[in-house]
Amino acid sequence: MTLSFARENRIASWHFIIAFVALAIGLLFGPLQVWEHTGIKELNFYPYLRAIGIQSYYQGLTLHGVLNALVFTTFFITGFLTFATVRSLQKPLTIPALSWAALIIMVVGLLMAAVPILLNQATVLFTFYPPLKANPFFYIGLTLVVVGSWVTGWSLFATYLAWRKENPGVQTPLIALGSLITMALWQLCTLGVAVEMLTMLIPWSLGLIPGLDPLLARTFFWFTGHPLVYFWLLPAYISWYGMVPKMAGGKLFSEPLARLAFWLFLLISTPLGFHHQYVDPGIPAIWKYIHAGLTFAVFFPSMLTAFNVMASLEIGGRARGGTGLFGWIFRLPWNEPSFAAQTLAMIIFAFGGISGLTNASYNLNLVTHNTMWVPGHFHMTVGTAVALTFMALMYWMLPMLTGKPLRWPKLALAQGWTWFIGMALMANGMHILGLRYELPRRSLIGALPYFNPEWTPFLIESAIGGTILLISSILFFTVMIGTLVSKERLATAVEMPVAEAYEPGPAPKWLDSWRPWLAGALALVVVGYGPMMVQLIAQSQWNVPGPAGRLW
Amino acid sequence: MIHIDRYEKIWIGFSIAMLAGLLIAVTVMAFGYGIQLPVEFGRVDPKTVATPGVSPFGEPGLRELAPGKYDAYVLAQAWRFTPNEIRLKVGDTVTFYFTSTDVQHGVKITGTNINMMILPGQVSRLTHKFENAGEHVVICHEYCGAGHHTMFAKIIVEP
């Protein structure tokens, strides 16, 4: 019996369309930023953008961050997890209306937030730290996007519960398990930003309360802000563990440890937000130190992933006739655009992980905090490990959703490589500029009064990298649009690749049991955040009104 | 229990040892060598903190505590630091106090380990000993509006 996922495909397709339109607009600002940073007047195009309503570098930067890091990721992930969960469980959504409602809430929220940004009424960057005060619709809109993503999660949970009832004792398939854990983590960690929005930013921007406490607002924000990166990353891991080994012609080396990695992310991801506040006043050293330890702990499941995914690729390379210590690498299907791009994303991610570990290292953060090192880091992680993997997923999902073969696979292959090369150059330049020359992040570098010509070679390296990334983006959208408008039809339907386990047999019960992990995650949040949160709330003084007028 | 491959066991051991080793290194640097982060110090009312007589930020600048030992009170506002130039002698030890009267700012003093967020309502404090002659840029590193990039100050250390 073949199931029809036509309805789920329609839901996922809408998510993907919105995600990639957001990405297309958001990406355009990236090169404008690195070109401006060079300090070369002819490369600063912001003055011309006033004609189309973009008033400043900072408005462009807000669009770049909100559209790429918040809108693209959230819409893609809610779509992809819906797409993958129903196939992994072999069960259509039980309450599809819930998923449609979720999509509508998210779209309404997106439109509400987009209008003030485009009108230069919300130039507060994607971290929207108060008391820079945006138009209330910006905050209400972003809140609705998050609420909509919760509802998508509820729809998946409902489907899972129904599946569980029909399949007692059957082990949850890995792809579904990873998807559901990602959604559970998201429900838990977004409580922080929900409290910030509902008790502080929305009433304050509406004039209902006169002031707020910026430190408390930052603490709520970063309660969500770090696990947010695992919400971005885990869908990529679902592909790396659950799908890429199959594309490589191999099997998942250790399925139980893959499950363990997902559970560990649920367990540890949330109580470590103070590592974004190492240099904040008002937080005792001991709490910053505890969160440093927990941040190191959450690096562990990524170390597990590195070994497990690489071993799975090796199985594939050897099955394809590769021999010797490294010979198997060359036998991998490097001519497959989706495989190649995801494998290149993994390589960049290894370096992104290292620079992230530096940021996490307590007082070492004094050297890198808010320097160009930080955007260098997250362009390798969310900007490549996540974004390039998501683009690569489209190389097989789009043919599957449209029934049309991927147009110009050579261009798609070039897209992965140009992203890899462009990002390597840009991130390398940014890391050096941050570490050696202490350049600040999120600043109009070319106009800095203390601009130093010694920076120029690395600014140009970054600008060349950014230009290559622009070419890569154009290649990606060319392939997408080319496939969409193509008249060709696939002879045989494409299936979602699902990697088999190298050693079959169900994992132990504790790796398919929600209660202990959820209870552990909640307990760790209470222990890791509870005492300090109570103290910060008790001491909070809601006496910061913010500036009288707009500062941008 | 789950079966774990021998090489994977080695990798797990290596991962745990590496992360534990890095945490130990950080701990030694923080508590052995005293490279400290800014911590809780005190709250102020951002509406009155810059009023002379209410707090030391009313008259920002250097205060000599003892020969070669100073407190520096610096006010951060969109888009300037007050004072915007501080002159020191080699060997001076300065404890910096920053606060903001409007929005969030940040400060990194180039060539030092001073890197802090500056929040309205909070005082950020760190100490540094200036061992060499030269100039340091006091950079605002948190976005604070249209003129953010023009917000900086200078520290000049004379021989």
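Structure's up top.
Residues numbered from 1 in each chain as written. Chains lettered and ligands numbered in written order. Predicted model: local features only at pLDDT ≥ 70, side-chain atom pairs only at ≥ 80, totals over all residues.

Before going further, it helps to examine the overall build of chain B. Counting its regular elements, chain B contains one helix and ten strands. Scanning chain B from its N terminus toward the C terminus, one meets helices and strands in the order α-β-β-β-β-β-β-β-β-β-β. Taking 2.2 N^0.38 as the reference for a compact globule, 159 residues should give roughly 15 Å; the C-alpha atoms of chain B span a radius of gyration of 21 Å, well beyond that estimate. Going through the 159 residues of chain B one by one, you find that 40% of them count as buried. In chain B, 57% of the contacts between residues at least 6 apart in sequence involve partners at least 24 apart. (Helix = DSSP H or I, 4+ residues; strand = E, 2+ residues; numbered from the N terminus. Rg over C-alpha atoms; globule rule 2.2 N^0.38 Å. Buried ≥ 20, exposed ≤ 12 C-beta atoms within 10 Å, placed from the backbone. Contact = placed C-beta atoms within 7 Å.)

Now for the overall build of chain A. When helices and strands are tallied, chain A shows 19 helices and zero strands. Against the globule reference of 24 Å for 552 residues, chain A gives a C-alpha radius of gyration of 23 Å, in line with a compact fold. The principal-axis extent of the C-alpha atoms belonging to chain A is close to 65 × 50 × 45 Å. Buried positions account for 58% of the 552 residues belonging to chain A.

Of the residues lining the interface, 53 residues belong to chain B; the matching set on chain A comes to 56 residues. Looking at the side of chain B that touches chain A, the elements with two or more residues in it are helix 1 (6-32), strand 6 (105-109), strand 7 (115-118) and strand 9 (134-139) of chain B. The dominant element in the side of chain B that touches chain A, judged by the number of residues it contributes, is helix 1 of chain B, at nine residues. Taken together, the residues of the side of chain B that touches chain A sort by class into 29 nonpolar, 16 polar and eight charged. (Nonpolar A, V, L, I, M, F, W, Y, C, P; charged D, E, K, R; others polar.)

Here we take up the packing of helix 16 (residues 373-402) of chain A against helix 17 (residues 409-437) of chain A. Residues and elements named next belong to chain A. At a minimum axis distance of 8 Å, the contact between helix 16 and helix 17 shows a crossing angle of 170 degrees. Taken together, the axes of helix 16 and helix 17 are roughly antiparallel relative to one another. For the pair helix 16 and helix 17, contact is made by W373, V374, P375, G376, H379, M380, G383, T384, L388, A392 and Y395 and by A412, G416, W419, M423, M426, A427, M430, H431, G434 and L435, respectively. Considering only residue class, the contact of helix 16 with helix 17 consists of 14 nonpolar, seven polar and no charged. (Axes fitted to C-alpha atoms, helices over the stretch in contact; angles between N-to-C directions. Parallel < 35°, antiparallel > 145°, perpendicular 65-115°, else oblique.)

With that settled, the discussion passes to the sheet that holds strand 7 of chain B. All names here are of chain B. The strand order across the open sheet formed by five strands is 4-10-9-6-7, and the pairing between neighbours is mixed. For this open sheet the edge positions go to strand 4 (85-89) and strand 7, each flanked by a neighbour on one side alone. The mean angle between the axes of side-by-side strands here comes to 20 degrees, regardless of whether they run parallel or antiparallel. Across five bridges, strand 4 lies against strand 10 (residues 152-158) in parallel orientation. Bridge pairing links R87 to I156 in strand 10. (Pairing = 2+ DSSP bridges.)

Before going further, it helps to examine the pairing of strand 2 (residues 69-77) of chain B. Residue and element names in this part refer to chain B. Direction of pairing for strand 1 (residues 61-66) relative to strand 2: antiparallel, over a ladder of five bridges. By the bridge assignment, E64 is partnered in strand 2 with Y70. The turn joining strand 1 and strand 2, which pair antiparallel and follow one another in sequence, is formed by two residues; a positive phi near 80 degrees is taken by G68. Two strands pair when backbone bridges link them, and strand 2 and strand 5 (residues 93-100) are joined in this way by eight bridges, in the parallel orientation. In the strand pairing of strand 5, D71 is matched with T95. The pairing of strand 2 with strand 3 (residues 80-82) spans three bridges and is antiparallel. By the bridge assignment, A76 is partnered in strand 3 with F81.

Turning to the environment of A:I77, a few remarks are in order. Residues and elements named next belong to chain A. In this fold, I77 is placed in helix 3 (residues 57-89). A sequence separation of 157 residues divides I77 from L234, and the C-alpha atoms of the two residues are 9.5 Å apart. Contacts of I77, omitting those with residues within four sequence positions, involve F231 and P235.

Moving on, we come to the packing of helix 16 of chain A against helix 18 (residues 456-485) of chain A. Residue and element names in this part refer to chain A. With their axes 10 Å apart at the nearest point, helix 16 and helix 18 run at an angle of 5 degrees to one another. Looking at the two axes, helix 16 sits roughly parallel to helix 18. Contacts between helix 16 and helix 18 pair M391, M394, L398 and T402 from the former with F476, M480, T483 and L484 from the latter. Of the residues in the contact of helix 16 with helix 18, the class split is six nonpolar, two polar and no charged.

Take the nonpolar core next. One finds A:A19, A:F265, A:I348, B:V74 and B:V107 to be the most contacted residues of the largest nonpolar core, which totals 228 residues. For B:V74, the residues in contact, after removing those within four places along its chain, are B:P60, B:F81, B:T82, B:P83, B:F96, B:Y97 and B:F98. (Core = buried A, V, L, I, M, F, W, Y, C linked by C-beta atoms within 7 Å.)

Here we come to the environment of A:S302. Of note, A:S302 is situated in helix 12 (residues 285-319). Spatially, the C-alpha atoms of A:S302 and A:G353 are 8.6 Å apart, while their sequence positions differ by 51 residues.

Cis rather than trans, the peptide bond between B:A78 and B:W79 has omega equal to -5 degrees. Tracing the chain through its elements places B:W79 in the loop between strand 2 and strand 3. Along the chain, B:T82 connects to B:P83 via a cis peptide bond; the corresponding omega equals 0 degrees. Tracing the chain through its elements places B:P83 in the loop between strand 3 and strand 4. Positive phi values are uncommon outside glycine, yet A:N120 reaches one of about 65 degrees. By the secondary structure assignment, A:N120 is in the loop between helix 4 (96-118) and helix 5 (136-166). The exposure class of A:N120 is partly exposed, given the 17 C-beta atoms found within 10 Å. A positive phi angle, close to 35 degrees, is found at A:R442, a residue other than glycine. Mapped onto the secondary structure, A:R442 falls in the loop between helix 17 and helix 18.

Here we take up helix 3 of chain A. Residues and elements named next belong to chain A. Here helix 3 is 33 residues long and its end C-alpha atoms lie 46 Å apart, about the 48 Å a rise of 1.5 Å per residue gives. Maximum bend of helix 3: about 35 degrees, positioned at L67. The element helix 3 is largely enclosed, with a buried count of 31 among its 33 residues. Phi turns positive one or two residues past the end of helix 3, at Q90, with a value near 55 degrees. (Expected span 1.5 Å × (residues − 1). Bend = angle between axes of the 7 residues up to and from the residue.)

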